[in-house]
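Okay, here's what each chain looks like letter by letter:
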Amino acid sequence: MTPVRVSVAAAIASLLLILIVLELIRGRRLKERYALLWLVTGIVLLVLSAWREGLTTIAGWLGVATYPPAILFAVATLFIIIVLLHYSTVLSQLDDQNTLIAQRLALLEAEVARQHGERDAGPTVAREPEHSVRPESLSPEP
Amino acid sequence: MTAGRIVAIVPAYNEAGAIGGVVDAIRAANALFDVVVVDDGSYDETGVIARSRGAAVVTLPYNIGIGGTVQTGFKYALERGYETAVRLDGDGQHDPGELQKLLGPIERGEADIVTGSRFVEGSGDYRPPLARRIGIIWFARIVSLLTRQRVTDTTSGFQALNRKGIALFAGDYPSDYPEVEATVLVFKHRLRLVEVPVTMRERETGQSSITFVRSIYYVAKVTLALFMAMLRKYAIPQEEAAGS
């Protein structure tokens, strides 16, 4: 059986996670789209901490009957992996979209410059290239 | 330049089969309508066709989803100085012939936002599939409860707005299933929402952007968003706050 102190601590931690996520949504610092997985994580962990017999049963199935709290760690780890994987896909998508915006902006700037040039020849503004990121051509492949 | 003119905002994603007819029908319905099609990164000829029928076309560089697309239209309306806007979908399910009904309460100064409802008394006999109907009823109940106003159709994208409504949505508009959450936004900002009965046609071409598997996720997400929106504080326009 899980020590009571473990259950109480895990329940408090899960509850805190849920409350923090809700407050972040309310304060508009986290979008619902990215919050749902965290909320599910918090709820599952809360259920597993409160439902002590259930945790023992699952621990029995998975062969860790001697130490049921291991299931809490396993489930938490699993969810963290899922959230991270989800973020990786989101990041990849943002990467693609960022490229598209940069390309569209550059083409628009060229078009604006061309239209300006037709009227009063010569460049309008000399703009410093914003290389906050080192151009890939300069950095050697790792 | 835009005095007296009304902008018709049409969000469209891969609607090449329907968009031409939609633009024609809007322009035929009322000579005061300027049509702007917001093309949400379609990979078919949607934008080209819309432009050839005389609509202004705003093309997004990639697919940003319905909420962002519609909001682009509201920003366009705000920047161009339109006093009144209507919004209808690019797939042909909203009949431009009914736009005048939506504009009525705006013109009489009775509402800031008018929604065409499929479920209020006097609307056509629209019967969506069961799963969709459950979702529609679920949101209608929650929104009515939260806003203490009877709202029957929270997912309708058939709307007319005055300048206040345009400004609100240009500044703040939700992403997925945006109309549901937007209804709560309207309430929180103390704008007046009125529903009028409309009949919606079956989709002509294209495919609904909502599939069954995703709908569970959307229902959870939007429900969460609704309650979160109720818990937020929103800036109320000065004269409104003073008057209430």
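Every value quoted in this text rests on a predicted model; they were computed, and no experiment measured them.

Trainee: It is not clear to me how the sheet that holds strand E6 (residues 159-162) of chain B should be interpreted in this structure. Could you clarify?
Mentor: All names here are of chain B. Strand order in the open sheet made by the 7 strands is E3-E2-E1-E4-E6-E5-E7, with mixed pairing throughout. Strands at the two margins of the open sheet, each flanked by one partner only, are strand E3 (56-59) and strand E7 (193-197). Averaged over all pairs of adjacent strands, the angle between strand axes in this sheet comes to 20°, irrespective of strand direction. Both strand E5 (residues 113-117) and E7 contribute to a ladder of 5 bridges, which runs parallel. When the sheet's bridge partners are listed, Thr115 is paired in E7 with Glu195. Of the strands in this sheet, strand E1 (6-12), strand E2 (33-39), E3 and strand E4 (84-87) are in contact with helix H3 (residues 66-79), which crosses E1 at around 160°.

Trainee: It is not clear to me how the interface of chain A and chain B should be interpreted in this structure. Could you clarify?
Mentor: How big an interface is tends to be stated in terms of the accessible area lost upon association of its parts. Contacts between the two partners involve 9 residues from chain A and, on the opposite side, 9 residues from chain B. Ranked by residues supplied to the side of chain A that touches chain B, first place goes to helix H4 (residues 69-120) of chain A with 4 residues. Per-class residue counts for the side of chain A that touches chain B are 4 nonpolar, 1 polar and 4 charged.

Trainee: Would you explain the confidence of the model for chain B in this entry?
Mentor: Residues and elements named next belong to chain B. Of all residues in chain B, 90% attain a pLDDT of 70 or more, and the chain-wide mean is 88. Scored below 50 in pLDDT, residues 240-244 makes 3 contacts in the model with residues more than four places away or belonging to other chains. For this predicted complex, the interface score ipTM comes out at 0.80, alongside a pTM of 0.84.

Trainee: Teacher, can you tell me more about the packing of helix H5 (residues 130-147) of chain B against helix H7 (residues 178-188) of chain B here?
Mentor: Angle between the axes and distance between the axes: these two values describe a pair of packed helices. Residues and elements named next belong to chain B. At a closest axis distance of 10 Å, the pairing of H5 and H7 adopts a crossing angle of 10°. Compared by their axis directions, H5 and H7 come out roughly parallel. Residues Phe139, Val143, Leu146 and Thr147 of H5 lie in contact with H7, whose contacting residues are Val180, Thr183, Val184 and Phe187. Of the residues in the contact of H5 with H7, the class split is 6 nonpolar, 2 polar and no charged.

Trainee: Before we go on, may I ask you to explain the confidence of the model for chain A in this structure?
Mentor: Residues shown with low pLDDT carry predicted positions that ought not to be read at fine detail. Per-residue confidence for chain A gives a mean pLDDT of 87; residues scoring 70 or more make up 83%. Here residues 137-142 of chain A is a poorly scored stretch, pLDDT under 50, and it has 1 contact once near neighbours within four places are set aside; other chains count.

Trainee: Please clarify how the nonpolar core should be interpreted in this entry.
Mentor: Here is a general trend for soluble globular proteins: nonpolar side chains tend to be buried in one another's company. Ranked by internal contacts, the top residues of the largest apolar core, which has 67 residues, are Ala8, Ile9, Val10, Val37 and Ala85 of chain B. Listed in part, the 7 residues of the second largest apolar core include Leu45, Leu55, Ile71 and Leu72 of chain A.

Trainee: What is the right way to look at helix H4 (residues 99-107) of chain B in this model?
Mentor: For an α-helix, 3.6 residues make a turn, and residues three or four places apart therefore share a direction. All names here are of chain B. Those residues of H4 that sit buried are Leu99, Leu102, Leu103, Pro105 and Ile106. One side of H4 carries all its buried residues, which in axial view fall inside an arc of 155°. For H4, the secondary structure elements touched by its buried residues are helix H1 (16-29), E4, E5, E6 and E7. Phi for Gly109, located one or two positions after H4, is positive at around 70°.

Rules and cut-offs
- Residues numbered from 1 in each chain as written.
- Chains lettered and ligands numbered in written order.
- Predicted model: local features only at pLDDT ≥ 70, side-chain atom pairs only at ≥ 80, totals over all residues.
- Pairing = 2+ DSSP bridges.
- Helix = DSSP H or I, 4+ residues; strand = E, 2+ residues; numbered from the N terminus.
- Axes fitted to C-alpha atoms, helices over the stretch in contact; angles between N-to-C directions.
- Contact = placed C-beta atoms within 7 Å.
- Nonpolar A, V, L, I, M, F, W, Y, C, P; charged D, E, K, R; others polar.
- pLDDT = per-residue confidence, 0-100.
- Parallel < 35°, antiparallel > 145°, perpendicular 65-115°, else oblique.
- Core = buried A, V, L, I, M, F, W, Y, C linked by C-beta atoms within 7 Å.
- Buried ≥ 20, exposed ≤ 12 C-beta atoms within 10 Å, placed from the backbone.
- Arc of directions from axis to C-beta.

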